[in-house]
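Residue-level structural notes
Given next are the chains, with one letter for each unit.
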Amino acid sequence: MILELDCGNSFIKWRVLRADAVTPVDGGVVSSDNDLLVSLDAEKFQLKKCRLVSVRTSDETDSLVARLVAAFGVSVVRAVPTREMAGVKNGYEDFERLGLDRWLALLGGYHLAAGACLVLDFGTAITADFVAADGAHLGGFICPGMPLMRNQLRTHTRRIRYDDTAAERAHESLAPGRATVEAVERGCMLMLRGFVLTQLELARQYWGQDFVVFLTGGDANLVSGVVPDARVVPDLVFVGLAMACPLS
């Protein structure tokens, strides 16, 4: 079996594939290396290979790789920055500075679209990336995601205190809030949707209607109604990871 990992700043997303490197067996999201090792039951998963993408420090990634090798004896392949791959040209002046998770997501998006695409990733931060029909990455934008917006308000405003259950209930409407939790959550939601609409307008200026929108990341469902024709691909980074790290 093959283990795939997307090691972000806040969470590790994992999934296990059969030996065909196509069929998912299981997966999940964890918040620590220890939780990941617990989730990967050695009796359940006969892991042979691993490929991963990480935006963590080299020391943090090296530590995780060492633990995986010690626990499962797997061979590990890591995604690395590159100027061009699979017909896509990295748009950053310093290509190594483009986050690897973004790079893999736009690789995956261009592959699936077979043409121009806008990739919107809703995680701790929100990213937008534009890839033209000829594979040129035109660049993108980064802004705080729902977790960051919410936590900043909680941290810097003493009277804003509520739990996740209350936050979820607040999302049932976008009417002006009549409680602090409603005002915060709905305000952040409107900022999120406003960001999406500006990205769509910019994409239309580039390509008219001839492009595909991809939504990915944990909070993609919050904006799916704004872009009804978008393709929601939760594992878009893994699509790109398979392209960057083929396993023979």
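The rules behind the values
- Residues numbered from 1 in each chain as written.
- Predicted model: local features only at pLDDT ≥ 70, side-chain atom pairs only at ≥ 80, totals over all residues.
- Heavy atoms only, no water.
- Pairing = 2+ DSSP bridges.
- Helix = DSSP H or I, 4+ residues; strand = E, 2+ residues; numbered from the N terminus.
- Axes fitted to C-alpha atoms, helices over the stretch in contact; angles between N-to-C directions.
- Salt bridge = Lys/Arg side-chain N within 4 Å of Asp/Glu carboxyl O.
- Buried < 20%, exposed > 50% of the residue type's maximum accessible area, 1.4 Å probe, protein only.
- Contact = heavy atoms within 4.5 Å.
- 1 Å grid on protein atoms, 1.4 Å probe; cavity = no way out; pocket = protein on both sides within 12 Å on 5 of 7 lines; lining within 4 Å.
- Points joined across faces, edges and corners; volume = space filled by probe spheres on them.
- Nonpolar A, V, L, I, M, F, W, Y, C, P; charged D, E, K, R; others polar.
- UniProt positions renumbered as here; feature names shortened; annotations may be inferred.

On to the sheet that holds strand β5 (residues 75-78), then. Reading across from one edge, β3-β2-β1-β4-β5 is the order of the five strands in this open sheet, with mixed pairing throughout. What marks the edges here is a single partner per strand, and that holds for β3 (24-30) and β5. Looking at each pair of strands side by side, their axes are set apart by 15° on average, direction ignored. Examined bridge by bridge, strand β4 (residues 49-54) and β5 share four bridges and lie parallel to one another.

We now examine the pattern of salt bridges. Following the criterion strictly, the structure yields nine salt bridges and no others. R15 is paired through a salt bridge with E4; the nearest N and O atoms lie 2.6 Å apart. One end of the pair, R15, is in strand β2 (residues 12-17); the other, E4, is in strand β1 (residues 2-7), and 11 residues separate them in sequence. Of the two residues, R15 and E4, neither departs from the other in class, the shared state being buried. With a shortest N-O distance of 2.8 Å, D62 and R78 are connected by a salt bridge. Here D62, found in helix α2 (residues 58-72), pairs with R78, found in strand β5; they are 16 residues apart in sequence, far enough to count as distant. Residues participating in the shared-partner salt-bridge network are E4, K13, R15, R51 and D235.

Turning our eyes to something else, we now look at the sheet that holds strand β8 (residues 117-122). Pairing is mixed in the open sheet, where five strands are placed in the order β10-β9-β8-β11-β12. Every other strand in the sheet has two partners, leaving β10 (137-144) and β12 (231-232) as the edge strands with one partner each. Running over the sheet, helix α6 (residues 180-207) touches β8, β9 (125-131), β10 and β11 (212-216) and is turned about 10° from β9.

Attention shifts here to the layout of surface pockets. Gaps left between atoms are located by rolling a probe of water-molecule size over the structure's atoms. Roughly 1,000 Å³ of internal volume is contained in the largest pocket. Lining the largest pocket are 36 residues, and of these D121, F122, G123, T124 and G218 sit closest to its centre. Residue assignment for the lining of the largest pocket shows that the elements contributing at least two residues are β2, α3 (100-113), β8, β9, α4 (146-156), α5 (164-170) and α7 (236-244). Tallied by class, residues from the lining of the largest pocket come to 14 nonpolar, 12 polar and 10 charged. Estimates place the volume of the second largest pocket at around 230 Å³. Residue lining of the second largest pocket: 13 residues in total, with S54, R56, S58, A79 and L100 positioned closest to the centre. Elements represented by at least two residues in the lining of the second largest pocket include exactly β4 and α2. At three residues, β4 tops the list of elements feeding residues into the lining of the second largest pocket.

Mapped onto the elements, D6 comes out in strand β1. Considered as a pair, D6 and V237 are 231 residues apart in the sequence and their alpha carbons are 7.5 Å apart.

UniProt marks Y92, G99, L100, D101, R102 and T180 with the feature "binding site: substrate" (unreviewed entry), using the numbering shown here. Look at the named residues: they lie 89 residues apart in sequence, and the longest C-alpha span between them is 40.3 Å, so in the fold they stay spread out. Considering only the residues just annotated, the largest pocket is lined by G99, D101 and R102. Within the fold, G99 resides in the loop between β7 (88-89) and α3. Accessibility expressed as a relative area gives 22% for G99, which makes it partly exposed. Position of R102 relative to the elements: it lies in helix α3. In this structure, R102 is in contact with Y92, T127, A128, D129, G140, F141 and I142, ignoring residues within four places of it in sequence.

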